[in-house]
Amino acid sequence: MTRANITRNILRVAFLCFVASFVLAPMLATVFGGFKTNAEIRTSAFALPDSWNWEFYGAIVSDPAFWRYLGNSLMISSLAVVLTLIVGAAAAYVFAQIRFFGSRMLFSYLLLGLMFPFATAILPLFVKVRDIGLLDTYWAVILPQAAFSLSLAILLFRTFFEQLPKELFEAAYIDGCGYVRFFFRFTLPLSTPILATVGVFVFVQSWNNFLLPLVVLNSREVFTWPLGMMQFRGEYVTEWNQTLAFVTLTIVPAIIFFLAAQKYIVAGLTGGAVKG
Amino acid sequence: MAASAPSQVYSAPGRRLSLTERLRLGLNNGRISATLILLPPALILFTLFVMLPLGESFYYSFFNWNGYGVPTDFVGLQNYQRIADHSVFHVAVGNTVKIVAVSLFLQMPLALLLALLIYRKTPTNAFFRLVFFLPYILAEVAAGLIWSFVFDGNYGVSASLAQSLGTEPFFILADRDWAFVAVMTVIVWKYFGFHMMIYIAALQGVPEDLVEAARIEGAKRPQIVRYVLVPQIKPAIIVSAFFAIIGALQVFDLIIPLTNGGPSNQTHTIVTYLYTFGLTRLNIGFGSAVGVILFIVAITVAVFYQRFFMKRGQS
């Protein structure tokens, strides 16, 4: 390397570190804040804590409400993923394998969900969910979420299914395997990469969703964690250390999940970029 | 095309099957029953929870209705008239435009610059990529709470600044003129990593030969960036701009913990406006009209974008 190259590289890394500190400072202040007393947060918000007080974190971890919020979210997100994958893959399979009158039209119809934001129909959705009697149940969140995820799921699934080798179906067909059995026996097992990508994408969206649960869930028994966190914030307005500890405890699983599923999240991201 | 494959197995090539034969085959191999089993769940779910509510938005928007019983108080276009005359709605639309502008002219160039600095696959770059992507992983509500702490005049960055300067702390989120600047800072912080990742994926797909050829021709780094790399990843830039615009139309979760639309309704976006004036006051008709406006804007953007920027037909 020449000297000019080395200088340039040092400048580059220095600039990257500068941006990284801007990115990380608020998050670190949050993690540290959960260890500080309120007096200490007031005087030094961004420094390391003087002494590591575990009691605020401990109080939240031993609060059953915290685990109930997380459990509700886990339940809702998982069921939304399962529903989207099964229903979406089944429909995409029909579009990929079977040609019938009106199939293009129905396909376009199911993709309409890509065209407009979820919030557009949130009020009629609220009225509908209430009239069906689903308010304050998991299904009030799961069903609309799965329905709105269907468009992207069907688009990605169909593209993937069409690329599976045709010979496979012909061979299975000669052996007397019908369309429905082929779907469960071969198409689904062969499609785990795309199922994982879409599954992770739907899970993250559902896990982080705020607007829909806010509108259809009123009882703290069924609150998802974002609602629980806002509730908690409301109760401890003047005690930032409590809220910061709570926020930290919800960030940590998200980061661990991201590190574990990084491949699929980035794939889902570029997959989502295809949707146009 | 896949469906024709099995029929070829049974019939000699070139021979066309009669309608009855095809029907019999269709029934025999379960094509029709497969369609009738596998397709309807998606159609029902999608219709019930996406298309029907969308249609109802249009219908309800012509009524003055609190959501109970049947809408009877038909008011024509009055809801739309009230929205058009409402100064808070003008603020909300203005804020959305501001978010788009900041995304296009600040966030995307920053993301592109960073992508150009770290797109090559080295351990250092992988580390920075991860760090810059972290804010995007966080839930909007969590990010909003974190920053409402940072901006809190009694505790966060402004408190520290005030202490070192010996001045009164500044409550930026409670300031009419500066609150939305703070909100936009958070938006850039939260989403630049997302755009950066799109560019990185695209930059890694640019053939190395092209860069090498330009270098042999004597092109310096800035010229390579300007004449080779950026033109090569133009589709990615177009897509990320689309996401920036569509994303700006949907901002909601971040605003609630940061400002909740205040102070004096200065930081509303279209969705927080819809929520605040439609749902919390149970003006279902009014809120539905806001939803319809949001729908029309989103569809217009999508159609316009496809028409002018995106090359169709590759799928």
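Along each chain, residue indices are assigned from 1 in the same order as the chain's sequence is written. Labels follow written order: the first chain is A, the first ligand is 1, and so on. Residue-level local features of this predicted model are given only where pLDDT is at least 70; pairs of side-chain atoms are given and counted only at 80 or more, and the full residue set underlies all totals for whole chains, interfaces and linings.

Labelled according to an unreviewed UniProt entry, chain B appears under the name ABC transporter permease subunit, originating from Halovulum marinum. UniProt positions are given in the numbering used here, feature names are shortened, and annotations may be inferred rather than shown by experiment. Per UniProt, chain B has the following entry under Subcellular location (unreviewed entry): "Cell membrane".

Student: Go over the overall build of chain B, please, and point to the residues and values.
Tutor: Looking only at helices and strands, chain B has 16 helices and 0 strands in total. For chain B, the proportion of its 315 residues judged to be buried stands at 40%. Here, residue contact means that the backbone-derived C-beta atoms of the two residues sit within 7 Å. Restricting to contacts in chain B with at least 6 residues of sequence separation, those with at least 24 account for 65%. Labels follow the DSSP assignment, with helices taken as runs of H or I lasting at least four residues and strands as runs of E lasting at least two, numbered in each case from the N terminus. In this scheme the burial state of a residue depends on its C-beta neighbours within 10 Å: 20 or more other such atoms mean buried, 12 or fewer mean exposed, and anything in between means partly exposed; the C-beta positions come from the backbone.

Student: Explain the overall build of chain A residue by residue, including any values.
Tutor: For chain A, the count of helices and strands is 13 helices and 0 strands. In chain A, the succession of α and β elements from N to C terminus is α-α-α-α-α-α-α-α-α-α-α-α-α. Two things to know: the radius of gyration comes from C-alpha atoms, and the globule rule equals 2.2 Å times the number of residues to the power 0.38. Taken against the 2.2 N^0.38 rule, which gives 19 Å for 276 residues, the C-alpha radius of gyration of chain A at 24 Å runs more than 25% over that of a compact globule. Each principal axis of the C-alpha distribution contributes one length, and for chain A these read about 75 × 70 × 35 Å. In chain A, buried positions account for 45% of the 276 residues. A sequence separation of at least 24 residues applies to 77% of the contacts in chain A between residues at least 6 apart.

Student: An account of the packing of helix H9 (residues 179–190) of chain A against helix H3 (residues 31–38) of chain B is requested, with residue identities and associated values reported.
Tutor: Two elements in contact, H9 of chain A and H3 of chain B, have axes separated by 8 Å at closest approach and are oriented at 60°. With respect to their mutual orientation, H9 of chain A and H3 of chain B come out oblique. Facing Tyr179, Val180 and Phe183 of chain A of H9 of chain A, the residues of H3 of chain B in contact are Arg31, Ala34, Ile37 and Leu38 of chain B. Residues are grouped as follows: Ala, Val, Leu, Ile, Met, Phe, Trp, Tyr, Cys and Pro are nonpolar; Asp, Glu, Lys and Arg are charged; every other residue, Gly included, is polar. Taken together, the residues of the contact of H9 of chain A with H3 of chain B break down into 6 nonpolar, no polar and 1 charged. All axes are obtained by fitting lines to C-alpha atoms, using only the stretch in contact for helices, and the reported angles, taken between N-to-C directions, cover 0 to 180 degrees. Comment on the angle field: the value is read as roughly parallel under 35 degrees, roughly antiparallel over 145, roughly perpendicular from 65 to 115, and oblique elsewhere.

Student: I'd like a description of the UniProt feature "transmembrane region" (unreviewed entry) in chain B, backed by residues and values.
Tutor: Residues and elements named next belong to chain B. Here the UniProt-annotated "transmembrane region" (unreviewed entry) positions come out as residues 32–54, 99–119, 126–150, 170–192 and 284–305. Strand forms 0% of residues 170–192 and helix 61%; the C-alpha atoms that close the span are 27 Å apart. The straight-line gap between the two end C-alpha atoms of residues 284–305 is 31 Å; of that span, 100% is helix and 0% is strand.

Student: An account of the nonpolar core is requested, with residue identities and associated values reported.
Tutor: When buried Ala, Val, Leu, Ile, Met, Phe, Trp, Tyr and Cys residues are joined through C-beta atoms within 7 Å, the set is termed a nonpolar core. One finds Ala91 and Leu150 of chain A together with Ala42 and Tyr199 of chain B to be the most contacted residues of the largest nonpolar core, which totals 170 residues. Residue ranges assigned to the domains are those given by an automatic or database domain assignment. Shared between two domains, this core takes at least three residues from each, and those domains are domain 1 (4–75) and domain 2 (79–308) of chain B. Beyond its immediate chain neighbours, meaning those up to four positions away, Tyr199 of chain B contacts Ala111, Leu112, Ala115, Ile233 and Ala236 of chain B.

Student: Quick rundown of the domain arrangement of chain B? Include the residues and the values.
Tutor: All names here are of chain B. Looking at the assigned domains, one finds that chain B contains domain 1 (4–75) and domain 2 (79–308). Each of domain 1 and domain 2 was reduced to a C-alpha centroid, and the two centroids are 38 Å apart. Taken together, the contacts link 12 residues of domain 1 with 9 residues of domain 2. Split by residue class, the side of domain 1 that touches domain 2 holds 7 nonpolar, 5 polar and no charged.

Student: Describe the interface of chain A and chain B, with residues and values.
Tutor: Counting residues at the interface gives 80 residues for chain A, matched by 76 residues for chain B. Ranked by the residues each element gives to the side of chain A that touches chain B, the list is headed by helix H13 (residues 240–273) of chain A, at 13 residues. Here the residues of the side of chain A that touches chain B are counted per class, giving 60 nonpolar, 13 polar and 7 charged.

Student: I'd love a proper account of unusual backbone geometry, names of residues and values included.
Tutor: All names here are of chain B. At the junction of Gly262 and Pro263, the peptide bond is cis and its omega measures out at -10° in the coordinates. Phi at Asn260 is positive, roughly 55°, even though this residue is not glycine. Mapping Asn260 onto the fold places it in the loop between helix H14 (255–258) and helix H15 (270–279). Take Asn260: there are 16 C-beta atoms within 10 Å of it, and that puts it in the partly exposed class.

Student: So, the UniProt feature "domain: ABC transmembrane type-1" (unreviewed entry) in chain B: which residues are in play, and what are the values?
Tutor: According to UniProt, the positions carrying the feature "domain: ABC transmembrane type-1" (unreviewed entry) are residues 93–305 of chain B. Across residues 93–305 of chain B one finds 76% helix and 0% strand; the C-alpha atoms that close the span lie 20 Å apart.

Student: I'd love a proper account of the environment of Glu168 of chain B, names of residues and values included.
Tutor: Residues and elements named next belong to chain B. Mapped onto the elements of the fold, Glu168 is located in the loop between helix H9 (157–165) and helix H10 (179–204). Overall, the presence of 8 C-beta atoms within 10 Å leaves Glu168 in the exposed class. Here the alpha-carbon distance between Glu168 and Ile118, two residues 50 residues apart in the chain, equals 41 Å.

Student: So what's going on with helix H10 (residues 192–208) of chain A? Which residues, and what values?
Tutor: Any helix carries an expected span of 1.5 Å times its number of residues minus one. Over its 17 residues, H10 of chain A runs 24 Å from end to end, which matches the ideal 24 Å to within 8%, given 1.5 Å per residue. The buried count for H10 of chain A comes to 13 of 17 residues, which makes it a mostly enclosed element.

Student: Which residues make up the environment of Phe58 of chain B, and what are the values?
Tutor: All names here are of chain B. As for its placement among the helices and strands, Phe58 is situated in helix H4 (residues 40–60). Of the residues examined, Phe58 has 15 C-beta atoms within 10 Å and is grouped as partly exposed. On a C-alpha basis, the gap between Phe58 and Ile233 in space is 40 Å, while along the polypeptide they are 175 residues apart.

Student: Please give an account of the confidence of the model for chain B that cites residues and values.
Tutor: Detail in the predicted coordinates should be disregarded across regions flagged by low pLDDT. Residues and elements named next belong to chain B. Known as pLDDT, the predictor's per-residue confidence is scaled from 0 to 100. Of all residues in chain B, 89% have pLDDT values of 70 or greater, and the mean over the chain is 87. Confidence, read as mean pLDDT per element, is least for helix H1 (residues 4–10) in chain B (43) and greatest for helix H6 (residues 87–118) (96). Counting contacts from residues 1–14, a segment whose pLDDT is below 50, to residues more than four positions away or on other chains yields 22 contacts.

Student: Requested: an account of the environment of Ala80 of chain A, with residues and values cited.
Tutor: All names here are of chain A. Inspection of the secondary structure assignment puts Ala80 in helix H4 (residues 64–97). What makes Ala80 buried here is the crowd of 27 C-beta atoms within 10 Å. C-alpha of Ala80 to C-alpha of Val141: the two residues are 61 residues apart in sequence and 8.3 Å apart in space.

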